[in-house]
Amino acid sequence: MRRWKMLFLAILLAAFAFPAQAGGPASSAGLIQIPWNVTEHRLANGLRALLLPDRRAPAVVFQVWYGVGSREEKTGKTGLAHMLEHMMFRGTKNYGPKEFSNIVKRNGGSHNAFTSFDYTAYYENIASDRLDLVMKLEADRMLNLALQKDLLEPERKVVLEERKMRVDDSPTGALYEKLRAAIFTKHPYGNPIIGWEPDIKTYTLEDLTAFYKRYYVPRNATVVIVGDFDTQEAIGLLEKHFGPLPALPFPGRPVLSEPPQRASKRLVIRRPARLPYLAVAYRTPNWKSPDYPALVMLEAILGGGETSRLYQRLVRRDSLSLGTGADYSFITVDPGLFYVYSRMAPGKKVEDVEAVIQDEIDKLIRKGVSREELDRALRSIEAQTVFSMDSHFGRAMLLGRAAIAGNVRLLETYLPSLAKVTGRDIVRVAKKYLTPDRKTTAILIPAKDGKSPAPGQPPKPKTSGDK
């Protein structure tokens, strides 16, 4: 009898020792249904347009996305996509250098551009009655860019200085560059978006011209318009300005892949810095995998903000880190990475932080995810999604990224797909992807009298300053 009492007591204690695991999905009651009333229009020359009217304010965001980024660059020619982005502001056959910028500014607008692994994009924020004007300017530089050697050399110096600031003088920038290069040994995702320094110094005007002619064609461009406009009138303007552009041939984007990783990798870099920094990356699939919703939820639970497991343990409880987090970018053309990163607190050891990260992953796999965590993660992601859509620009960015990655309808299914994720799904993907054979660890060891590492984030699109 005593043995049965002890067994009952053990079961009772176990029940209270761990939070209830979430076998089913998070509560989707009240989940916001986000309407994406997007009109898609394709011109005869192949240009695609996505139009999302929102007439709350008399303004419009006009973006042109080209399906070309550092992903398309060859060995020895890295940085071409980013350099071409700079040169797109240096004049066309119809408008001189800086004339594009001056016209937009005279009309009360602003503009900029950004380059990433998968795309290069240009945008204007302007009053809605100037939509005709910005379409005219963007259509012109899609066809008539005037690349000149005397303008390339000064811009090359600008880019080299930009690289120095973002990589050479940034301990975490250098760390993430080496981390990606160690992971992607075949795929161009291993090259920095801004390019390797020797390549920046040596590519020629002919290289840029060939790159421009190959990729800046209507069939490889997606126009995104969000704001105060009438859809049919906007389509009429698109036909007026972009319709006359020739239907130049485009062979399509190259099919690229990276061989499977067979074992864990580890690298240590020493840079002037005050504190150590740790980044761990796991090879993971992108949106094309049915596992992506569970990986998004795993990111939120493990390292999404101050309520996440890693923050609560490393920063709040153990005081080992000043900051920590996770990052999973799934809207990409090819499979990418799931990052976990941490900035050490003064006097704390990297190996202690590394051990805690692994312990939290093991614990998640062993004990599962609580109902409370699952619900909190879903609500947090829902709030972030809503906030990111709070502006014309934010919605245009989401549309453009999804279109370039290959599925503009991804936005409609995003939150509903997360709502179906169960605790078992999260454990399953953690067990499947956060494994030693998919893992690469990069550690920053401070040299003397350096800068404190910035909070540190995985690489984001390179944005050129307002021209």
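Only a predicted model underlies this, so the values are computations on that prediction, with no experimental measurement involved.

Draft legend 1. Representation of the overall build of the protein chain in the model. Of the regular secondary structure elements, the protein chain holds 16 helices and 12 strands. Here the protein chain holds 467 residues, and the buried ones make up 56% of them. In the protein chain, once contacts between residues fewer than 6 apart in sequence are set aside, the share between residues at least 24 apart is 85%. Summing over all exposed atoms, the protein chain offers an accessible surface of approximately 20,700 Å²; the carbon and sulfur share of this is 56%.

Draft legend 2. How the structure looks around helix 16 (residues 423–433). For helix 16, every residue scored as buried is listed here: Gly 423, Ile 426, Val 427, Val 429, Ala 430 and Tyr 433. On an axial view of helix 16, the arc spanned by its buried residues comes to 165°, and they lie on one face. Along helix 16, the residues that are exposed and aim more than 90 degrees away from the buried face are Arg 424 and Lys 431. Those residues of helix 16 that are buried are in contact with strand 8 (277–284), helix 10 (292–303), helix 12 (350–367) and helix 13 (371–388).

Draft legend 3. Examining the side chain of Arg 156 more closely. Note that Arg 156 resides in helix 5 (residues 149–168). The residues touching Arg 156, leaving out its near neighbours within four places in the chain, are Met 83, Ile 200, Lys 201, Thr 202 and Tyr 203.

Draft legend 4. Structural context of the pattern of salt bridges. Inspection of the entire model under this criterion finds 32 salt bridges. Residues Arg 56 and Asp 54 are paired through a salt bridge, measuring 2.7 Å at the closest nitrogen-oxygen approach. Taking the relative accessible area as the measure of exposure, Arg 56 reaches 64% and is therefore exposed. For Asp 54, a relative accessible area of 8% puts it in the buried group. A salt bridge links Arg 428 to Asp 425; the nearest nitrogen and oxygen atoms lie 3.9 Å apart. Of this pair, Arg 428 and Asp 425 both sit in helix 16, 3 residues apart, roughly one helical turn. Look at the salt bridges and you will find they share partners, linking Arg 313, Arg 317, Asp 318, Asp 359, Glu 360 and Lys 363 into a network.

Draft legend 5. Local environment of the confidence of the model for the protein chain. Confidence along the protein chain averages 91 in pLDDT terms, with 90% of residues attaining 70 or more. Confidence drops under a pLDDT of 50 for residues 1–20, and excluding neighbours within four residues, the segment shows 5 contacts in the predicted structure.

Draft legend 6. Representation of the side chain of Asn 286 within the structure. Relative to the elements of secondary structure, Asn 286 occurs in the loop between strand 8 and helix 10. Every residue in contact with Asn 286, bar those within four places of it in the chain, is listed here: Tyr 292, Tyr 328, Phe 330, Thr 332, Val 333, Asp 334 and Pro 335.

Draft legend 7. Main features of unusual backbone geometry. Unlike most non-glycine residues, Lys 98 shows phi in positive territory, near 70°. When you line up the elements, Lys 98 lands in the loop between helix 2 (80–87) and helix 3 (99–106). When its relative accessible area of 53% is taken as the criterion, Lys 98 is described as exposed. Phi at Ser 319 takes a positive value of approximately 50°, unusual for a residue other than glycine. Note that Ser 319 resides in the loop between helix 11 (309–317) and strand 9 (321–328). Residue Ser 319 is classed as partly exposed on the basis of its relative accessible area, which comes to 40%.

Draft legend 8. Expanded view of the environment of Leu 275. Checked against the element boundaries, Leu 275 lands in the loop between strand 7 (265–273) and strand 8. Take Leu 275: its relative accessible area is 10%, and that puts it in the buried class. Put simply, Leu 275 and Met 344 are 69 residues apart on the chain and 6.2 Å apart in space, counted from C-alpha to C-alpha.

Draft legend 9. Structural detail: the packing of helix 11 against helix 12. Where helix 11 meets helix 12, the axes come as close as 10 Å, and the angle between the chain directions of the two elements is 145°. In this structure, helix 11 crosses over helix 12, and the sense of that crossing is right-handed. Residues Arg 309, Leu 310, Arg 313 and Leu 314 of helix 11 lie in contact with helix 12, whose contacting residues are Val 353, Val 356, Ile 357, Asp 359, Glu 360, Lys 363 and Leu 364. For the contact of helix 11 with helix 12, the per-class residue count stands at 6 nonpolar, no polar and 5 charged.

Draft legend 10. How the structure looks around the packing of helix 13 against helix 15 (residues 410–419). As a packed pair, helix 13 and helix 15 sit with axes 10 Å apart at the nearest point and diverge in direction by 170°. One way to sum up the angle between helix 13 and helix 15 is to call them roughly antiparallel. Residues Leu 378, Ile 381, Glu 382 and Thr 385 of helix 13 lie in contact with helix 15, whose contacting residues are Tyr 414, Leu 415, Leu 418 and Ala 419. Taken together, the residues of the contact of helix 13 with helix 15 break down into 6 nonpolar, 1 polar and 1 charged.

Draft legend 11. A look at the pairing of strand 1 (residues 39–42). Bridge count for strand 1 against strand 2 (residues 48–53) is 4 bridges, and the pairing is antiparallel. What sits directly across from His 41, in strand 2, is Ala 49. Where strand 1 hands over to strand 2, the hairpin turn is made up of 5 residues, of which Gly 46 adopts a positive phi near 105°.

Draft legend 12. The pairing of strand 2, seen in detail. Taking burial as the measure, the 6 residues of strand 2 include 5 buried ones, the bulk of the element. Bridging between strand 2 and strand 6 (residues 221–227) involves 6 bridges; their strand directions are parallel. Following the sheet pairing, Leu 51 is matched in strand 6 by Ile 225.

Draft legend 13. Seen up close, the packing of aromatic side chains. Under the defined criterion, the tally for this structure stands at 22 aromatic pairs. Among the aromatic residues, those joined into a cluster by ring pairs are Tyr 66, Phe 89, Phe 100, Tyr 122, Tyr 212 and Tyr 216. The residue whose ring lies beneath Arg 141 is Phe 89, and the NZ or CZ to ring-centre distance is 4.6 Å. Above the ring of Phe 117, the side-chain terminus of Arg 180 is found at 4.1 Å from the ring centroid.

Analysis parameters
- Residues numbered from 1 in each chain as written.
- Predicted model: local features only at pLDDT ≥ 70, side-chain atom pairs only at ≥ 80, totals over all residues.
- Heavy atoms only, no water.
- Helix = DSSP H or I, 4+ residues; strand = E, 2+ residues; numbered from the N terminus.
- Buried < 20%, exposed > 50% of the residue type's maximum accessible area, 1.4 Å probe, protein only.
- Contact = heavy atoms within 4.5 Å.
- Areas by Shrake-Rupley, 256 points an atom, 1.4 Å probe, with all protein chains shown as cover.
- Arc of directions from axis to C-beta.
- Salt bridge = Lys/Arg side-chain N within 4 Å of Asp/Glu carboxyl O.
- pLDDT = per-residue confidence, 0-100.
- Axes fitted to C-alpha atoms, helices over the stretch in contact; angles between N-to-C directions.
- Left-handed = near helix turned anticlockwise from the far one by under 90°.
- Nonpolar A, V, L, I, M, F, W, Y, C, P; charged D, E, K, R; others polar.
- Parallel < 35°, antiparallel > 145°, perpendicular 65-115°, else oblique.
- Pairing = 2+ DSSP bridges.
- Phe/Tyr/Trp six-rings, centres within 6.5 Å; stacked < 30°, edge-to-face > 60°.
- Lys NZ or Arg CZ within 6 Å of the ring centre and 35° of its normal.

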